[in-house]
Amino acid sequence: TIMRIRSNPLPRRLVDVACFLLIGIFLPVVFMFEIVVVLPNFHDPGSFFHSLHFAMAMFLVFNIKSNMIACMMIDTSVDGESVEPPADHLNWRECEVCQRLAPPRSWHCKACGVCILKRDHHCIYTGCCIGHRNHRFFMGFIFYLFVGSVYALAYNSIYLWYFNGHIYRNWMTLFKIVNPILLLLTGHFWDNMYLLFYGLNILALCYGSLLMLYHAPIVLRGGVSADRSEESKRRYDRGVYENLRSVFGNRMHIAWLSPLIRSDLPDDGYHWKPSEESKDK
């Protein structure tokens, strides 16, 4: 299957642009801080463990950014020009906005202005809809965001509370983490800058954790967050293995390692076979 690329992958809405820049700017800056400032406090530059953790950090950042970019670049909208509905129009419905027939499991997105194949949701951090063709990359994005946040928080916590405990081990530090406005009112610039990075690290962990807890069970059940009805669960839940294959493709065992690994999807996004349980009913 030839992957279509969006003609304009950049976010359109102001909230999408702001959230995209938060990840786009925050991640590289914090990564440089971790490598230049934090990591040398644990391992001597050039040593085996320093090189190992540097490579691990590069792997995590690469997967976060590249999966995010893949979400933005890949066009997962309904191609009404080249795909015709079946003669009986079975399970297809009329989209009042597009004024054409839309395939099963597709929904119209007001922000994107098109119908999205197997639409899950509109992601404010990528500024686009998550659907049939880029769902894999969204799951990779939030998975590696979660893993990277845990990894960084472990190092940052030791660096903050142990190596620099004489500076940060006080009540004012906690107040600044909870209320970042205090960073502008009191303390030294560089000490406060690190607390800002630490707070963003905690925020990224919370965000990644919540998204994983919310989206992973839906994927395992073969569903999408846009349609969580009981009828949809019965119709499209084909078992954990097939549900995962429907999102991550035929090479799902290795597809999660990198968005550059090709893994063709078993479904075309237009025609969906009901589950065996749904057929029996």
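*Asks:* What is the right way to look at the overall build of the chain in this model?
*Replies:* The number of helices and strands found in the chain is 10 helices and six strands. With the principal axes as the frame, the chain shows a C-alpha extent of 75 × 40 × 35 Å. Considering the chain as a whole, with its 281 residues, one finds that 44% of them fall into the buried category. The long-range share in the chain, meaning contacts at least 24 apart out of those at least 6 apart in sequence, stands at 61%.

*Asks:* Please clarify how the pattern of salt bridges should be interpreted in this entry.
*Replies:* What the rule picks out here adds up to five salt bridges. Linking aspartate 264 and arginine 262 is a salt bridge whose minimum nitrogen-to-oxygen distance equals 3.0 Å. The exposure class assigned to aspartate 264 is partly exposed, which follows from its relative accessible area of 32%. Classification of arginine 262 by relative accessible area gives exposed; the value is 53%.

*Asks:* Is there a simple way to explain the packing of aromatic side chains in this structure?
*Replies:* For any pair of aromatic rings, the description consists of the separation of the ring centres together with the inter-plane angle of the planes. Summed over all chains, the structure comprises 17 aromatic pairs. Members of the aromatic cluster, joined through ring pairs, are Phe33, Tyr159, Trp161, Tyr168, Tyr194, Phe197 and Tyr198. In this structure, arginine 105 packs its charged tip against the face of tyrosine 236, placed 3.9 Å from the ring centre. Looking at arginine 105, its charged tip hangs above the ring of tryptophan 272, at a distance of 4.9 Å from the centre.

*Asks:* Can you help me understand the nonpolar core in this one?
*Replies:* Nonpolar side chains tend to gather and get buried jointly when the protein is soluble and globular. Phe138, Phe141 and Tyr194 are the most contacted members of the largest nonpolar core, which has 45 residues in total. Broken down by secondary-structure element, the contributors of at least two residues to this core are α1 (14-38), α2 (48-73), α3 (135-163), α6 (189-220) and α8 (240-248). Of all the elements, α3 adds the most residues to this core, at 11 residues. When residues no more than four places from it in sequence are discounted, the contact partners of phenylalanine 141 are Ile64, Asn67 and Met68. Counting residues in hydrophobic clusters, the runner-up holds seven residues, among them Val78, Cys115, Leu117 and Tyr270.

*Asks:* Just checking my understanding: could you explain empty space enclosed by the protein for this structure?
*Replies:* A probe matching the size of a water molecule, rolled over the atoms, marks out where space remains unfilled. Throughout the structure, instances matching the rule amount to three cavities of 30 Å³ or more. The calculated volume of the largest cavity comes to roughly 360 Å³. Around the largest cavity, the lining is made up of 23 residues, and of these Val30, Glu34, Gly148, Tyr151 and Ala152 lie nearest the centre. Looking at the lining of the largest cavity, the elements that each hand over two or more residues are α1, α2, α3 and α6. Of the residues belonging to the lining of the largest cavity, the class tally is 17 nonpolar, five polar and one charged. Roughly 70 Å³ of volume is contained in the second largest cavity. Taken together, Ile218, Arg221, Gly223, Val224, Asp227, Arg228, Ser232 and Lys233 make up the full set of residues lining the second largest cavity. Of the residues assigned to the lining of the second largest cavity, the class counts are two nonpolar, two polar and four charged.

*Asks:* When you look at α1 in this model, what are you seeing that I'm missing?
*Replies:* Three- or four-residue spacings in an α-helix give side chains the same orientation, since the helix completes a turn every 3.6 residues. Between its terminal C-alpha atoms α1 stretches 34 Å, which fits the 36 Å expected from 25 residues at 1.5 Å a residue. Where α1 is buried, its residues meet α2, β5 (121-123), α3 and α6.

*Asks:* What's the story with unusual backbone geometry in this structure? I'm lost.
*Replies:* Only a minority of non-glycine residues have a phi that is not negative, and only a minority of peptide bonds are not trans. Here arginine 105, not a glycine, exhibits a phi torsion of approximately 70 degrees, which is positive. Assessed through its relative accessible area of 8%, arginine 105 is described here as buried. Backbone geometry at lysine 118 places phi at a positive 45 degrees, although glycine is not the residue there.

*Asks:* What exactly am I supposed to notice about the packing of α2 against α3 here?
*Replies:* Contact geometry of α2 with α3 gives a least axis separation of 8 Å together with a crossing angle of 150 degrees. As far as their axial angle goes, α3 and α2 are roughly antiparallel. You can see that α2 and α3 cross each other, and the crossing is left-handed. Taking contact as the criterion, the partners of His53, Met56, Phe59, Leu60, Asn63, Ile64, Asn67, Met68, Ala70 and Cys71 in α2 are, on α3, Phe137, Phe138, Gly140, Phe141, Tyr144, Leu145, Val147, Gly148, Tyr151 and Tyr155. Of the residues that constitute the contact of α2 with α3, the class distribution is 15 nonpolar, five polar and no charged.

*Asks:* For this particular structure, what's the right way to read the side chain of asparagine 156?
*Replies:* Within the secondary structure, asparagine 156 is located in helix α3. You can call asparagine 156 buried: its relative accessible area is 2%. Setting aside its immediate chain neighbours within four residues, asparagine 156 contacts Glu34, Val38, Tyr194, Tyr198 and Asn201.

*Asks:* Would you mind going over the environment of alanine 70 with me for this structure?
*Replies:* Inspection of the secondary structure assignment puts alanine 70 in helix α2. Among the residues examined, alanine 70 registers a relative accessible area of 13% and is labelled buried. C-alpha of alanine 70 to C-alpha of phenylalanine 138: the two residues are 68 residues apart in sequence and 8.4 Å apart in space.

Analysis parameters
- Residues numbered from 1 in each chain as written.
- Predicted model: local features only at pLDDT ≥ 70, side-chain atom pairs only at ≥ 80, totals over all residues.
- Heavy atoms only, no water.
- Helix = DSSP H or I, 4+ residues; strand = E, 2+ residues; numbered from the N terminus.
- Buried < 20%, exposed > 50% of the residue type's maximum accessible area, 1.4 Å probe, protein only.
- Contact = heavy atoms within 4.5 Å.
- Salt bridge = Lys/Arg side-chain N within 4 Å of Asp/Glu carboxyl O.
- Phe/Tyr/Trp six-rings, centres within 6.5 Å; stacked < 30°, edge-to-face > 60°.
- Lys NZ or Arg CZ within 6 Å of the ring centre and 35° of its normal.
- Core = buried A, V, L, I, M, F, W, Y, C linked by side-chain atoms within 4.5 Å.
- 1 Å grid on protein atoms, 1.4 Å probe; cavity = no way out; pocket = protein on both sides within 12 Å on 5 of 7 lines; lining within 4 Å.
- Points joined across faces, edges and corners; volume = space filled by probe spheres on them.
- Nonpolar A, V, L, I, M, F, W, Y, C, P; charged D, E, K, R; others polar.
- Expected span 1.5 Å × (residues − 1).
- Axes fitted to C-alpha atoms, helices over the stretch in contact; angles between N-to-C directions.
- Parallel < 35°, antiparallel > 145°, perpendicular 65-115°, else oblique.
- Left-handed = near helix turned anticlockwise from the far one by under 90°.

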